[in-house]
Amino acid sequence: MESKDGNVGIVTGVNKKTINVTYTSHRSVQGPPELFKSTDIPFEQARSKRKKSNIETDFWYTVYSGYFKNKGEVHEVVIGQITRGNVI
């Protein structure tokens, strides 16, 4: 997703009236669909990457993104819950 002012991010939640988006700057926002537009920006550019300090303490925040392998295929994922040690 992209905001009207050009911030790029990943949709992390949708309900009846609002969309939750986390920008690459790790800032999360919530608003009506009219505030956002679809974009063709690749996942790699829109994702929020883990900070070095969180990697060192093995901590994952909601909406960090990463990858997992399954039967040789790489899948892009967005973390859905805060956790320490184990990704849920």
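Residues numbered from 1 in each chain as written. Predicted model: local features only at pLDDT ≥ 70, side-chain atom pairs only at ≥ 80, totals over all residues. Heavy atoms only, no water.

Trainee: What exactly am I supposed to notice about the overall build of the protein here?
Mentor: The number of helices and strands found in the protein is two helices and nine strands. The linear arrangement of helices and strands in the protein, starting from the amino end, is β-β-β-β-β-α-α-β-β-β-β. Among the 88 residues that make up the protein, the fraction classed as buried is 31%. The long-range fraction of contacts in the protein, counting pairs at least 24 apart against all pairs at least 6 apart in sequence, stands at 27%. Accessible surface for the protein amounts to roughly 6,100 Å². Of this, 50% is attributable to carbon and sulfur atoms. (Helix = DSSP H or I, 4+ residues; strand = E, 2+ residues; numbered from the N terminus. Buried < 20%, exposed > 50% of the residue type's maximum accessible area, 1.4 Å probe, protein only. Contact = heavy atoms within 4.5 Å. Areas by Shrake-Rupley, 256 points an atom, 1.4 Å probe, with all protein chains shown as cover.)

Trainee: Looking at this model, I keep getting lost on the pairing of strand β3 (residues 19-23). Mind explaining?
Mentor: Along any regular strand, the residues point their side chains to alternate faces of the sheet. Burial runs high along β3: four of the five residues are buried. Looking at chain direction, strand β2 (residues 9-14) and β3 are connected through five bridges and run antiparallel. Note on β3: the bridge partner recorded for Val14 is Ile19. Turn length for the β2-β3 hairpin, with the two strands adjacent in sequence and antiparallel, is four residues. Here β3 pairs with strand β4 (residues 28-31) via four bridges, running antiparallel. Counterpart to Val21 in the pairing with β4 is Val29. (Pairing = 2+ DSSP bridges.)

Trainee: What is the right way to read the sheet that holds β4 from this model?
Mentor: What links the strands of a sheet is backbone hydrogen bonding, and the strands pair in either a parallel or an antiparallel sense. Reading across from one edge, β2-β3-β4 is the order of the three strands in this open sheet, with antiparallel pairing throughout. Single-partner strands in this sheet number two, and they are β2 and β4. Averaged over all neighbouring strand pairs, the angle between strand axes comes to 25 degrees, with direction disregarded. (Axes fitted to C-alpha atoms, helices over the stretch in contact; angles between N-to-C directions.)

Trainee: Can you help me understand the side chain of Thr22 in this one?
Mentor: You can see Thr22 is positioned in strand β3. Owing to a relative accessible area of 2%, Thr22 belongs among the buried residues under this scheme. At 2.9 Å, the side chain of Thr22 and the side chain of Ser28 are in polar contact. (Polar contact = N/O pair within 3.5 Å; in protein donor to acceptor, adjacent residues only side chain to side chain.)

Trainee: In this structure, what is going on with the confidence of the model for the protein? I would like to understand it.
Mentor: Low pLDDT marks regions whose predicted coordinates should not be analysed in detail. Averaged over every residue, the pLDDT of the protein is 76; residues scoring 70 or more account for 75%. Taken element by element, the predicted model of the protein shows its lowest mean pLDDT in strand β9 (residues 83-84) (56) and its highest in strand β5 (residues 36-37) (87). (pLDDT = per-residue confidence, 0-100.)

Trainee: Hey, could you run me through the environment of Ser28 in this one?
Mentor: Here Ser28 is to be found in strand β4. Through-space distance from the C-alpha of Ser28 to that of Val11 is 9.6 Å; in sequence the pair is 17 residues apart.

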